[in-house]
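# Reading the structure
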Amino acid sequence: MDIKKELAPSGTLRVGLNYGNFLLVLKDAPDGSPRGIAPDLGRELGKRLGAPVEFVKFKQAGQLADGVRDGKCDVGFLGVEPQRAQEIAFTKAYLEIPVTFLAPAGSKIRSLAEVDREGVRIAVSARSAYDLYLSRTLKHAKLERAEGIDASYDLFIKSRLDVLAGLKPRLVADAEKLPGSRVLDGQVTGVQQAVGVPKNRENAARFTREFVEEIKRSGLVARTIDKHGVKGVTVAP
């Protein structure tokens, strides 16, 4: 089967972007075109496929995952998670983002090991990759969800929750707004950012897997990170 017909059935490659991930998708250019690591890699994928690219914008990761599953886009740039992998065929990761917690001023929680305890309440962005991870792994602490990263920060402040879960680069910025707060050392997990296509498109999955391996090997991912000045993310091994 012609790979172009399978990966971009309409003739245009519809690339799904998660605007909730400020590290991968920056503010649009003045003409409305998407900017950032994921849009640039999406354009490169289209170029190699020989198809024009149209971007499909989603506010949050969970909505993008639904969009890939339901065929609202042909390919999505999003975090790999076992739950999502039941419905989406993922490449290996091209980039990793560390996840940790932010504790408010005066908190007795000093380390990651102290978070998963009875009575601890954690603010988290609903259906983010790290929400799915924490939902699987926490034994005692309770997750309190909000729709999106900004809303999870607001929930953390307004409800005086014990910690805020999030991508480390974002938490570092949040800590600057909250005197006395601190980002806990280490990482709970690393969100593996990858490329996903609908589960039943085997040739498309193979093409995107080869694409990701090549852009890591050639240094394109590293150059794209540098181009946009994104701090706190690394090229996945």
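Residues numbered from 1 in each chain as written. Predicted model: local features only at pLDDT ≥ 70, side-chain atom pairs only at ≥ 80, totals over all residues. Heavy atoms only, no water.

## Some words on the pattern of salt bridges
Applying the stated criterion to the full structure yields 20 salt bridges. A salt bridge links R69 to D66; its shortest N-O distance comes to 3.5 Å. With a gap of 3 residues between them, R69 and D66 both fall in helix α3 (residues 61-69), about one helical turn apart. Between E144 and R121 there is a salt bridge, and its shortest N-O distance comes to 3.8 Å. Of this pair, E144 sits in strand β7 (residues 142-146) while R121 sits in strand β6 (residues 121-125); the two residues are 23 residues apart in sequence, bridging distant segments of the chain. Residue R121 is classed as partly exposed on the basis of its relative accessible area, which comes to 31%. In this structure, a network of salt bridges that share partners links the residues D66, R69, D70, E87 and R127. (Salt bridge = Lys/Arg side-chain N within 4 Å of Asp/Glu carboxyl O. Helix = DSSP H or I, 4+ residues; strand = E, 2+ residues; numbered from the N terminus. Buried < 20%, exposed > 50% of the residue type's maximum accessible area, 1.4 Å probe, protein only.)

## Some words on the pairing of strand β10 (residues 189-198)
Here is the key point about a regular strand: its side chains alternate between the two faces of the sheet. Counting buried residues along β10, 8 of its 10 residues qualify, which places the element largely inside the surrounding structure. Examined bridge by bridge, strand β3 (residues 75-79) and β10 share 4 bridges and lie antiparallel to one another. When the sheet's bridge partners are listed, G76 is paired in β10 with G196. Looking at chain direction, strand β4 (residues 88-90) and β10 are connected through 3 bridges and run antiparallel. Paired with A89 across the bridge in β10 is V197. Pairing geometry for strand β5 (residues 95-103) and β10, over 5 bridges, is antiparallel. Opposite V99, over in β10, you have T189 as the bridge partner. (Pairing = 2+ DSSP bridges.)

## Structural notes on the environment of V99
Tracing the chain through its elements places V99 in strand β5. Of the residues examined, V99 reaches a relative accessible area of 1% and is grouped as buried. Sequence separation between V99 and V15 is 84 residues, and the spatial gap between their C-alpha atoms is 25 Å. Apart from residues no more than four positions distant in its own chain, V99 is found in contact with Y130, G166, L167, K168, Q187, V188, T189 and V191. (Contact = heavy atoms within 4.5 Å.)

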